[in-house]
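For reference, the chains in residue letters:
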Amino acid sequence: MTSLSLVALEFLCHVEIRSEYFPLLKEPLKLAENLSKKFTTQERHALIHYLEILPKIREKFGADLICDRLAYEQATAKDISEYKAKLWPSGAKIADLCCGMGGDSFWLLDGMASGGVDIAPERVLMFNENMRRLGLLHRAVLQNALDVAGGDFFCIDPARRGGLNPDFESVLELTKKFSGSMIKLPPAFPEDEIPQESDVLYLGNASDCRECLMLSGIFGKGIVRASTVDKEWQCERNELKNISLEVKNLGDFILEPNPVLVRSHLFLSEAKKLGFWQIDSTLAYVSCENLPPKYDGFAAYRVIDQSSLSTNNVKAMLKKHDAGKITLKKRGVEVVPEAEIRRLAPKGEKEYILFYTRILGEKRAILAKIF
């Protein structure tokens, strides 16, 4: 990830982005020659940097916003930001601390107001220019987030390189100045460090857990929540700590919880409601003999066969079932799926899911089909 200087960003705010530049990205010498007729070396560097990420900016935000690669990577995507905007009360006044390019304020609902705060002048410029381009009235100022006096609500997205900045203790002090807050944390942040009265919300989709939010003040009820934007699960934090599943051998189905259920450990409470059990006490794969009518949050696979992880045994199992196209999923076993599939070299006609995991502590290969 790379950042640009304030001068470079100011240049990008005013330069015309011409469509003929994009095909030349694959021919850097021609592009440099084309740009050299009009721009200085520093301006060319900034423009090429921006052109390389602009298609991604358009895809992520739906507009030609101003940022550099680092700010783009750190900013909240549109779907997540829209979901979070609905969590604020109507007419909320929000301090967007460590505001970056503005991703957490782009899609606030009508009547909500955001004031950005950042210690980097480059980020303040991005925020204000992007709000201008989107026709929004939110504005940012250059200030240390820890010096903000307080107010109704705040959100904060601390930098993560080399640890949280501001650090978590300082962020907790900030919560005392506001009625409510949304604090973005790494998905793997230790939940036991989050105050018990706060809510912990994991956000993602079918393939990834993308954010962890600590919701404090008026938002906190001591709940663990997980959401894929269109579906949400929850459980009291104290209750979840005491939930365990029966651990026993593989049944007719193996089920894979959604990543937000895994990260939040809510797969335990949901699996218990559905009568599922774990096939290993340390892993999130669960099993059952008969699928219930609904099993939201779990991908179900019918078990076809299983073997030890011996290469000869796995190859024999694949050959027995005429396996050709394989998708390998792993949990509790160290293996590179793409390399392992090449090594197994299945030559059959049928498509399967191959799990490398543990059953009751023993490493096993499970052949299955999507149900």
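Before any of the text, the structure's been laid out above.
From a predicted model like this one, the values you see are computed outputs, not experimental measurements.

Reading the values: rules and limits
Residues numbered from 1 in each chain as written. Predicted model: local features only at pLDDT ≥ 70, side-chain atom pairs only at ≥ 80, totals over all residues. Heavy atoms only, no water. 1 Å grid on protein atoms, 1.4 Å probe; cavity = no way out; pocket = protein on both sides within 12 Å on 5 of 7 lines; lining within 4 Å. Points joined across faces, edges and corners; volume = space filled by probe spheres on them. Helix = DSSP H or I, 4+ residues; strand = E, 2+ residues; numbered from the N terminus. Nonpolar A, V, L, I, M, F, W, Y, C, P; charged D, E, K, R; others polar. Core = buried A, V, L, I, M, F, W, Y, C linked by side-chain atoms within 4.5 Å. Buried < 20%, exposed > 50% of the residue type's maximum accessible area, 1.4 Å probe, protein only. Contact = heavy atoms within 4.5 Å. Pairing = 2+ DSSP bridges. Axes fitted to C-alpha atoms, helices over the stretch in contact; angles between N-to-C directions. Arc of directions from axis to C-beta.

Before going further, it helps to examine the layout of surface pockets. Estimated volume of the largest pocket: approximately 920 Å³. If you go around the largest pocket, you meet 43 residues; those closest to its centre are Gln74, Arg123, Asp157, Pro158 and Ala159. Contributions of two or more residues to the lining of the largest pocket are made by α4 (69-74), β2 (113-118), α6 (121-134), β5 (178-185) and β7 (209-217). Sort the elements by how many residues they give to the lining of the largest pocket and α4 lands first, with 4 residues. Broken down by class, the residue content of the lining of the largest pocket amounts to 20 nonpolar, 9 polar and 14 charged. Forming the walls of the second largest pocket are 13 residues, and the residues nearest its centre are Ala206, Ser207, Pro257, Asn258 and Pro259. For the lining of the second largest pocket, the secondary structure elements donating two or more residues are β10 (253-257) and α9 (259-264). For the lining of the second largest pocket, the element with the highest residue contribution is α9, accounting for 3 residues.

Moving on, we get to the nonpolar core. In this structure, Leu97, Ile254 and Leu255 are the most contacted members of the largest nonpolar core, which totals 54 residues. Dropping the residues within four chain positions of it, Leu97 is found in contact with Val117, Ala145, Val148, Phe154, Cys155, Ile156, Asp157 and Leu174.

This part takes up the sheet that holds strand β1 (residues 93-97). What the 9 strands build is an open sheet, ordered β3-β2-β1-β4-β5-β7-β6-β8-β9; its pairing is mixed. Strand pairing shows two members of the sheet lacking a second neighbour, β3 (139-142) and β9 (232-236), which therefore form its edges. Between one strand and the next, the sheet's axes are offset by a mean angle of 20°, whatever the strand orientation. Alignment of strand β8 (residues 223-227) against β9, held across 5 bridges, turns out to be antiparallel. Bridge pairing in β9 links Val224 to Cys235. Relative to the sheet, helix α10 (residues 266-274) contacts β8 and β9, its axis offset from that of β9 by approximately 95°.

Among all positions of helix α12 (residues 337-344), only Pro337, Glu340 and Leu344 are buried. Along the axis of α12, the buried residues cluster in a sector spanning 65°; they form a single face. Across from the buried face of α12, at angles greater than 90 degrees, the exposed residues are Glu338 and Arg342. Taken together, the buried residues of α12 touch α11 (311-320), β14 (323-330) and β15 (350-359). Looking one or two residues past α12, Ala345 carries a phi angle of roughly 45°, positive in sign.

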